[in-house]
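# Structure at a glance
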Amino acid sequence: MKYDYLIVGAGLYGAVCAHELTKRGKRCLVVEKRNHIGGNIYTKEIEGINVHMYGAHIFHTSDKKIWEYINQFAEFNHYINAPVARYHDELYNLPFNMNTFTKLWPDVFTPEDAKRRIEKEREMGFCAHPSNLKEQAISLVGETIYKKLIEGYTEKQWGKKCEELPAFIIKRLPVRFTFDNNYFNDRYQGIPIGGYTQIIAKMLEGSDVLTEYDYFEHRDELKTLAEHTIYTGPIDRFYDFAFGALEYRSVRFETEILDMESYQGNAVVNYTAAEVPYTRIIEHKHFEFGTQPKTVISREYSSKWTLEDEPYYPLNDAKNTMLYDKYKAKADAEPNVTFGGRLGAYKYYDMHVVIAEALKTVAGLTNED
Ligand code: FAD
Ligand code: UDP
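In this report, the structure presented in the accompanying data block is examined. Values in this document were obtained by computation on a predicted structure and should not be read as measured data. (Residues numbered from 1 in each chain as written. Chains lettered and ligands numbered in written order. Predicted model: local features only at pLDDT ≥ 70, side-chain atom pairs only at ≥ 80, totals over all residues. Heavy atoms only, no water.)

## Observations concerning the environment of Asp 309
- With respect to the secondary-structure elements, Asp 309 resides in the loop between strand 14 (295-304) and strand 15 (313-314).
- For Asp 309, a relative accessible area of 31% corresponds to the partly exposed category.
- Considered as a pair, Asp 309 and Arg 252 are 57 residues apart in the sequence and their alpha carbons are 9.3 Å apart.
- In contact with Asp 309, other than residues within four places in its own chain, are Ser 250 and Lys 304.
- A polar atom in the side chain of Asp 309 sits 2.9 Å from the backbone nitrogen of Thr 306. (Helix = DSSP H or I, 4+ residues; strand = E, 2+ residues; numbered from the N terminus. Buried < 20%, exposed > 50% of the residue type's maximum accessible area, 1.4 Å probe, protein only. Contact = heavy atoms within 4.5 Å. Polar contact = N/O pair within 3.5 Å; in protein donor to acceptor, adjacent residues only side chain to side chain.)

## Comments concerning the site of ligand 1
- Ligand 1 sits among 33 residues. The nearest are Glu 32, His 57, Ile 58, Tyr 349 and Met 351.
- Separating an oxygen atom of ligand 1 from a backbone N or O atom of Tyr 13 is a distance of 3.0 Å.
- Within the side chain of Asp 350, an N or O atom sits 3.1 Å from a nitrogen atom of ligand 1.
- Protein coverage of the free-state accessible area of ligand 1, which is 990 Å², stands at 97%.
- Among the elements that take part in the shell around ligand 1, helix 11 (residues 341-344) stands out by supplying three residues, more than any other. (Near = heavy atom within 4 Å. Areas by Shrake-Rupley, 256 points an atom, 1.4 Å probe, with all protein chains shown as cover.)

## A look at the side chain of Thr 61
- Relative to the elements of secondary structure, Thr 61 occurs in strand 5 (residues 59-61).
- One polar contact links the side chain of Thr 61 to the main-chain amide nitrogen of Asp 63, over a distance of 3.0 Å.
- Sequence-distant contacts of Thr 61, that is, excluding residues within four places in its chain, are made with Ile 66, Trp 67, Asp 186, Arg 187, Tyr 188 and His 352.

## Focus: the site of ligand 2
- Surveying the vicinity of ligand 2 reveals 16 residues, the closest of which are Leu 149, Thr 154, Arg 172, Tyr 183 and Asn 270.
- Between ligand 2 and Trp 158, the relevant distance is 3.0 Å, taken from an oxygen atom to a side-chain nitrogen or oxygen of the residue.
- Take Asn 270: an N or O atom from its side chain is 2.9 Å from an oxygen atom of ligand 2.
- When the free accessible area of ligand 2 is taken as 520 Å², the share hidden by the protein chains comes to 92%.
- Breaking the shell around ligand 2 down by element, the ones donating at least two residues are helix 5 (133-158) and helix 6 (168-171).
- Top contributing element to the shell around ligand 2 by residue count: helix 5, with six residues.
- Per-class residue counts for the shell around ligand 2 are eleven nonpolar, four polar and one charged. (Nonpolar A, V, L, I, M, F, W, Y, C, P; charged D, E, K, R; others polar.)

## Section: the packing of helix 4 (residues 111-124) against helix 5
- Running from N to C, helix 4 and helix 5 point in directions that differ by 95 degrees, and their axes come no closer than 7 Å. As summarised for this structure, helix 4 and helix 5 are arranged roughly perpendicular, according to the angle between their axes. Contact with helix 4, carried on its side by Ile 118, Glu 121 and Arg 122, involves Ile 138, Ser 139, Leu 140, Val 141, Gly 142, Glu 143 and Thr 144 of helix 5 and no other residues of that element.
- Counted by class, the contact of helix 4 with helix 5 contains four nonpolar, three polar and three charged residues. (Axes fitted to C-alpha atoms, helices over the stretch in contact; angles between N-to-C directions. Parallel < 35°, antiparallel > 145°, perpendicular 65-115°, else oblique.)

## Considering the nonpolar core
- In terms of nonpolar packing, the biggest core is built from 99 residues, with Leu 12, Phe 59, Phe 101, Ile 145, Ile 150, Met 203 and Phe 287 touching the most fellow members.
- Examining the composition of this core, we find that nine residues originate from one element, helix 5, more than from any other.
- The contacts of Met 203, once residues within four sequence positions are left out, are Leu 12, Ala 15, Val 16, Ala 18, His 19, Tyr 69, Ile 70 and Phe 73.
- Residues Tyr 278, Ile 281, Ile 297 and Tyr 301 belong to the second largest nonpolar core, which totals eight residues. (Core = buried A, V, L, I, M, F, W, Y, C linked by side-chain atoms within 4.5 Å.)

What follows is the structure in structure tokens.
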């Protein structure tokens, strides 16, 4: 056969696999249905600014090996994600920290003051075993923060009441009693200078790549070209939705060029009031400390997903998890196909996890693990 591996999808997972396999002397063909490489980390230059076309992407990890791995492909800057939340005419720092607490409550000056204040609010709606997001949020930060900074944003993002959402979603956000606006707790963080697409392009060097090439339109002919397939598209689509479609939450981006130097003075501003239809506005230049005369912003509208939309966030609830398990059992029995990436595994994977998973896959395929 002409190739050792057919890789479906030129996103981060497919690209890491392609890079590692070509490094080991394997011949790879990568097919991508979009008209560009990069999957959801694709960045495009507009007005000299690297625009994150499928949503803001901040690289963060505590794993030194993964940090060193990604740094082979680009130099990273010192960007630290520190979003601001806007609730009506009030602005607050995120994640929830001493800057947030002192702005919310004028009588709070010290960590002890903040803890006492939150404890008092917590007692009002105390719940020993939070069973949903509302109860979990109130037990973490109290009623005022829940009402101003969590309820509206969360219900817009997920299209469901906080009482109907699992508690774990909100546990992702740090709560700190220090003056620290860093959104992540990870040791390493940054944005690749010059955008993400260059990283994928470097990873794909040495592989043959076809864009605007849908695997399902060419399945029979592709089968004759490679011994083994690494499939990073939706797992249910691979089996023609035999057990039904897995559900996602989608996002619509409204991107605009503005004739001004800075629109909001920060890369990320979350709009936490229920009345504002979008969840957040991204101002892309601030990821790279840009000084261009113009600016590019994207409003993010969280939306219901249909089969025609881009799948963004897997809905890992009980119903979809059961459905995924059925597909997974079929996939595990597939002799010459490996499923991976966020669509193949139906998991909300951050980039550092995708890299770790792809490295594991290649080690397994080449008998190195
Ligand atoms: P993808 O990037 O989706 O790549 C899969 C590719 O397969 C796509 O290009 C698709 O077009 C292609 N494909 C699918 N079907 C076919 C087919 N039939 N034929 C050919 N090609 C096909 N992670 C972070 O670490 N930090 C962040 O700040 C962050 N922000 C995010 C914000 C948003 C809005 C979202 C949705 C995700 C975010 N992530 C973030 C996660 C990050 O996007 C993923 O970890 C990463 O992009 C997953 O890579 P992947 O290769 O698995 O999937
Ligand atoms: N969240 C919130 N208010 C905010 C930001 C986040 O209530 O201003 C909640 C919301 O429920 C969200 C969760 O925290 O789903 C996790 O936020 P994160 O920023 O990690 O979400 P992502 O967009 O990365 O999934």
